[in-house]
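What the coordinates show
Given next are the chains, with one letter for each unit.
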Amino acid sequence: MPARLVVLASGSGSTLQAILDAAADPGFGAEVVAAGTDVKDCAAMVRAEAAGVPTFSVQLRDFADRQVWNDALAEQVAAHRPDLVVLAGFMRLLAPSVVRRFRIVNTHPALLPAFPGAHAIRDALAAGLDTTGVTVHWVDEGVDTGPVITQTAVAIEPGDDEDRLRTRIQAVEKPLYVNAIRQLCQEILG
Ligand code: GAR
């Protein structure tokens, strides 16, 4: 039985697409059973629907407060009985109640603990370093503070702007994340 993945995304969904493409191979050992978002109609959900994957949308503005939103999101996720919840450009912090309820993995475009948060690529450029990278990590209650699973460095080149650097980071990030998910699913399912 393949592992059941629920993928959460807020944006263009290129990371989700890489996971969908990998999971199309039965040898991958996992299937995307649902994709969810906090941004209704984002491109990521369009990609999921095109792949025939059920989607759900839970928008913060439709709820009384963050905890109620987190509770609603958790119920949607739980309904799909995930073995692993995969964040793929999901740009909101999850409450401790959600983090404790599921196994959740994230990819972040920096070498954590450097440059946590929503602007990692911009922050790495502004710091004037010559190296940044990608980190795949478990999600805990902090902002990008969970245990590191794997990391890869990416050189910052002269003349890089945010778009150029993001393109090179994401080229490394997709295979790193897909391979990490494959391995985690093998470990989870034994
Ligand atoms: C990815 O590069 C991911 O690392 C980043 O958002 C991008 C999503 O791209 N996530 C974060 O910055 C989380 N703090 P996508 O929408 O094309 O998949």
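Residues numbered from 1 in each chain as written. Predicted model: local features only at pLDDT ≥ 70, side-chain atom pairs only at ≥ 80, totals over all residues. Heavy atoms only, no water.

Our next topic: helix 1 (residues 14-23). Counted residue by residue, helix 1 has eight buried out of 10 residues, so it is predominantly covered. Along helix 1, the residues classified as buried are Ser14, Thr15, Leu16, Ala18, Ile19, Leu20, Ala22 and Ala23. Where helix 1 is buried, its residues touch strand 1 (3-8), strand 2 (30-37), helix 2 (43-50), strand 4 (84-87), strand 5 (104-108) and helix 6 (162-189). (Buried < 20%, exposed > 50% of the residue type's maximum accessible area, 1.4 Å probe, protein only. Helix = DSSP H or I, 4+ residues; strand = E, 2+ residues; numbered from the N terminus. Contact = heavy atoms within 4.5 Å.)

Another point: the nonpolar core. Ranked by size, the top nonpolar core spans 41 residues in total, and within it Leu5, Ile19, Val32, Leu84, Val86 and Ile181 carry the most contacts. For this core, the elements supplying multiple residues, two or more each, are strand 1, helix 1, strand 2, helix 2, strand 4, helix 5 (120-126), strand 6 (131-138) and helix 6. Grouped together as the second largest cluster of nonpolar side chains are 20 residues, Val6, Val85, Leu87 and Val98 included. (Core = buried A, V, L, I, M, F, W, Y, C linked by side-chain atoms within 4.5 Å.)

Let's shift gears to unusual backbone geometry. That bond from leucine 112 to proline 113 is cis: its omega, 15°, falls within 30 degrees of zero. Mapped onto the secondary structure, proline 113 falls in the loop between strand 5 and helix 5. In this model, aspartate 41 sits at a positive phi of 65°, which is unusual for a non-glycine residue. In this fold, aspartate 41 is placed in the loop between strand 2 and helix 2. One non-glycine residue, aspartate 144, adopts positive backbone phi at about 60°. Along the chain, aspartate 144 turns up in the loop between strand 6 and strand 7 (148-155).

The subject of this paragraph is the site of the ligand. Within the structure, the ligand sits among 13 residues, and Ser12, Ser14, Thr15, Gln170 and Glu173 are positioned closest to it. Glycine 13 is positioned such that a nitrogen or oxygen atom in its backbone is 3.0 Å from an oxygen atom of the ligand. Measuring from an oxygen atom of the ligand, one finds a backbone N or O atom of threonine 107 at 3.4 Å. Counting residues per element, the ones that place at least two in the shell around the ligand are helix 1, strand 5 and helix 6. By residue class, the composition of the shell around the ligand is two nonpolar, 10 polar and one charged. (Near = heavy atom within 4 Å. Polar contact = N/O pair within 3.5 Å; in protein donor to acceptor, adjacent residues only side chain to side chain. Nonpolar A, V, L, I, M, F, W, Y, C, P; charged D, E, K, R; others polar.)

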